[in-house]
Amino acid sequence: CSIRENAESKIYNRLDTLYAKGRQRKAQGGSKLLLGVLGCMAERVKDDLIANHHADIVCGPDSYLSLPDLIAQAELGHKAIDVDLSTTETYRDVIPQRIGDNRISGFVSIMRGCNNFCHYCIVPYTRGRERSRDVESILREVHDLSDRGFKEVTLLGQNVNSYGKNLEEPMTFAQLLREVNKIEGLKRIRFMTSHPKDLSEELIDAMRDCEKVCLHLHLPLQSGSSRILKLMNRRYTKEQYLDLVDRIRAKVPDVSLTTDIIVGFPGETEEDFLETMDVVRKVRYDSAFTFQYSRRTGTPAAAMEDQIPVDVVKDRFDRLLAEVQEISREVTARHTHTVQEVLVESINEQDPSLVTGRMSNNTLVHFKGDASLIGTLQNVYLDECRGFYYMGTPVENN
């Protein structure tokens, strides 16, 4: 991942650790340890990985088919690099290996790349332009998951709302949702991520009409200030975002809304920050992923003046996080003392007498049960909300 500096720093540290282990292994007579970095970071900082961080193989996000050849080159002692970005690659012919016994929830990529070029984001430069996977291959993979007992599928894309625009026979994301909703055996459909500027009334109608689509929508805000949103190149205003939320809730009243928010974007004033706090209070998100702005070399924002001092960013971040968490605790508790359907995912990690599952709105629930319940839908009475999750009691299923 190249979206934030912290993610790349972890990889650099990991490479240094593995390199040291490799030298120790070789000193003890073992074979050479090959180090490879694959994905967006590999494409972005390829030369640095080779020159300064001991990488033998650097493979970009669209170069997976060349990986066997890259490994062969590295085994011969060469530095192997392939980071060419494709204009057509969608992984349509790749059937993922689903490792392990947890056949409950599967992820299906429906598109790759991004056309939005938000000024803080490196993704379009590391993953290329937007291209949609054909409908037949998506439905084939979801059918395969359902046939193997998976109960839930999450449809993935940088901006699922613009799915289908570059297909030979255009199809909207709302139409795709309706097709996936028809697949027998499948119980739940999730999707992410949705860009507010492309979320259509047609999609809101599909969320309302499709009984398998979960009552959860991740709708990134990034900033509540229309001025900052323009600097970010988000292409919507605060007012348009709030209007969209109102329209969604009018048709899907019990929807759980989550979001992403960036604090400290270049040029952000205290007034701009308070606009963000205002949106948080008006929307009342179930949860929010809050981030301090991360400067990504190569993005327009990295070259902007008025970079915000670290101490100011941290102060705003702390204030935002406190507000988000307080609202989240209040909003999450709204289902206390009701019966909700829970998809059981696992034995609880802290207490093996409990199982853990999720409601349609993505809230975690813990209740008494054993491994035989994993992968089943259970009706659970929600006894107590403990901040961001529930303790419940199973009730007789119909």
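The structure we're discussing is the one just above.
Definitions and cut-offs
- Residues numbered from 1 in each chain as written.
- Predicted model: local features only at pLDDT ≥ 70, side-chain atom pairs only at ≥ 80, totals over all residues.
- Heavy atoms only, no water.
- Axes fitted to C-alpha atoms, helices over the stretch in contact; angles between N-to-C directions.
- Helix = DSSP H or I, 4+ residues; strand = E, 2+ residues; numbered from the N terminus.
- Parallel < 35°, antiparallel > 145°, perpendicular 65-115°, else oblique.
- Contact = heavy atoms within 4.5 Å.
- Nonpolar A, V, L, I, M, F, W, Y, C, P; charged D, E, K, R; others polar.
- Phe/Tyr/Trp six-rings, centres within 6.5 Å; stacked < 30°, edge-to-face > 60°.
- Buried < 20%, exposed > 50% of the residue type's maximum accessible area, 1.4 Å probe, protein only.
- Pairing = 2+ DSSP bridges.
- Core = buried A, V, L, I, M, F, W, Y, C linked by side-chain atoms within 4.5 Å.
- 1 Å grid on protein atoms, 1.4 Å probe; cavity = no way out; pocket = protein on both sides within 12 Å on 5 of 7 lines; lining within 4 Å.
- Points joined across faces, edges and corners; volume = space filled by probe spheres on them.

Caption draft 1: Inspection of the packing of helix H11 (residues 270-283) against helix H12 (residues 310-332) at higher detail. At a closest axis distance of 10 Å, the pairing of H11 and H12 adopts a crossing angle of 10°. Of the possible angle classes, the one that applies to H11 and H12 is roughly parallel. Listed contacts from H12 to Glu270, Phe273, Leu274, Thr276, Met277, Val280 and Arg281 of H11 are Arg316, Arg319, Leu320, Glu323, Val324 and Ile327. Of the residues contributing to the contact of H11 with H12, the split by class is 7 nonpolar, 1 polar and 5 charged.

Caption draft 2: Structural context of the packing of aromatic side chains. Enumeration over the complete set of coordinates arrives at 5 aromatic pairs. The interplanar angle of 75° and the centroid separation of 5.1 Å between the aromatic rings of Phe173 and Phe191 together place this pair among those described as edge-to-face. With Phe173 in helix H7 (residues 173-181) and Phe191 in strand S8 (residues 188-192), this residue pair connects regions lying 18 residues apart in the sequence. The two residues Phe173 and Phe191 agree in class, both being buried. Here the aromatic rings of Phe265 and Tyr293 are separated by 5.6 Å at their centres, their planes lie at 75°, and the arrangement is edge-to-face. Placement of the pair is Phe265 in the loop between strand S10 (256-263) and H11 and Tyr293 in the loop between strand S11 (287-292) and H12, with a sequence separation of 28 residues.

Caption draft 3: Representation of the sheet that holds S11 within the structure. Ordered in space as S9-S10-S11, the 3 strands form an open sheet in which the pairing is parallel. Two strands in the sheet have a free side with no partner beyond their single neighbour: strand S9 (216-218) and S11. The sheet shows a mean angle of 15° between the axes of neighbouring strands, taken without regard to direction. Direction of pairing for S9 relative to S10: parallel, over a ladder of 3 bridges. Among the inter-strand pairings, His218 is bridged to a residue of S10, identified as Thr258.

Caption draft 4: Just the sheet that holds strand S1 (residues 36-38), in detail. Reading across the sheet, the 3 strands line up as S1-S2-S3 and stay open at both edges, with parallel pairing between neighbours. Each having just a single partner strand, S1 and strand S3 (80-82) make up the two edges of the open sheet. In this sheet, neighbouring strand axes are inclined to one another by 5° on average, regardless of whether the strands run parallel or antiparallel. Relative to strand S2 (residues 57-59), S1 runs parallel, the two being bridged by 3 bridges.

Caption draft 5: Highlighting the nonpolar core. Counting residues in hydrophobic clusters, the biggest one holds 70 residues, and the most contacted among them are Leu155, Phe173 and Leu176. Here Leu176 is in contact with Ile110, Val135, Ile138, Leu139, Tyr163 and Met171, once residues within four sequence places are set aside. Ranked by size, the runner-up nonpolar core spans 12 residues in total, among them Tyr12, Leu15, Leu35 and Ile50.

Caption draft 6: Spotlight on the layout of surface pockets. Of the voids in this model, the largest pocket is the one considered here, and its volume is about 1200 Å³. If you trace the largest pocket, you find 45 residues lining it, with Ile3, Val123, Gly157, Gln158 and Thr193 closest to the centre. By residue class, the composition of the lining of the largest pocket is 22 nonpolar, 14 polar and 9 charged. Of the volumes computed, that of the second largest pocket is approximately 700 Å³. Taken together, 29 residues make up the lining of the second largest pocket; nearest its centre are His216, Ser287, Phe289, Arg358 and Asn362. Elements represented by at least two residues in the lining of the second largest pocket include exactly strand S4 (105-109), strand S7 (152-156), S8, S9, S10, S11 and H12. Residue contributions to the lining of the second largest pocket peak at 5 residues, all from H12. Across the lining of the second largest pocket, the residue classes break down as 10 nonpolar, 14 polar and 5 charged.

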